[in-house]
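# Structural overview for review
The chain contents come next:
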Amino acid sequence: FLDQLRAIDAFPKHLDEYRLKTTHGAVVSIVSLMLMFYLLVSELSYYSAIEVVDKLIVKSSHAEHMKVTFNVRFPHVPCDLISLDAMDQS
């Protein structure tokens, strides 16, 4: 088992007479690969995550008419499926 583990060592010595694949080097290689894979997966999941920001601002003025503006984005929904129904109490 240790010989197979030594074969995985990605950082052997550079000179031929000192080129040794050690168990410690294999462990460092495996831990490094696992860390790189974890970082890659976490960055891809962070990049592909959708951030939802809810924000509603109503200007408090004493005017008879009040302008309400909605800025809503649906990046993965076709426009023909979205509708808005508004109703005034008066």
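The structure this text deals with has already been given above.
## What about the overall build of the chain?
Per the secondary structure count, the chain includes two helices and zero strands. Among the 90 residues that make up the chain, the fraction classed as buried is 6%. Within the chain, contacts between residues at least 6 apart in sequence are counted, and of these 6% link residues at least 24 apart. Accessible surface computed for the chain: about 9,600 Å², of which carbon and sulfur atoms make up 62%.

## Notes on the side chain of Ser29
By secondary structure assignment, the location of Ser29 is in helix α2 (residues 23–48). Judged by relative accessible area, which is 3%, Ser29 ranks as buried. Other than its neighbours up to four places away in sequence, Ser29 contacts Ile8, Asp9, Ala10 and Phe11.

## Focus on the environment of Pro75
Tracing the chain through its elements places Pro75 in the segment after α2. With 25 residues separating them along the chain, Pro75 and Ile50 place their C-alpha atoms 9.5 Å apart.

## Examining α2
Since one α-helical turn is 3.6 residues long, residues separated by three or four positions face the same way. Helix length check: α2 (26 residues) gives 38 Å between terminal C-alpha atoms against 38 Å at 1.5 Å per residue, within 8%. Of the residues making up α2, those classed as buried are Gly25, Ala26 and Ser29.

## Describing a nonpolar patch on the surface
A cluster of nonpolar residues, Val68, Phe70, Val72, Phe74, Val77, Leu81, Ile82 and Leu84, forms a patch on the protein surface that exposes about 800 Å² of accessible area. Inspection of the secondary structure puts Val72 in the segment after α2.

Each value, and the rule that gives it
- Residues numbered from 1 in each chain as written.
- Predicted model: local features only at pLDDT ≥ 70, side-chain atom pairs only at ≥ 80, totals over all residues.
- Heavy atoms only, no water.
- Helix = DSSP H or I, 4+ residues; strand = E, 2+ residues; numbered from the N terminus.
- Buried < 20%, exposed > 50% of the residue type's maximum accessible area, 1.4 Å probe, protein only.
- Contact = heavy atoms within 4.5 Å.
- Areas by Shrake-Rupley, 256 points an atom, 1.4 Å probe, with all protein chains shown as cover.
- Expected span 1.5 Å × (residues − 1).
- Patch = residues over 30% accessible without salt bridge, like charges linked within 9 Å, V, L, I, M, F, W, Y side chains within 5 Å.
- Salt bridge = Lys/Arg side-chain N within 4 Å of Asp/Glu carboxyl O.

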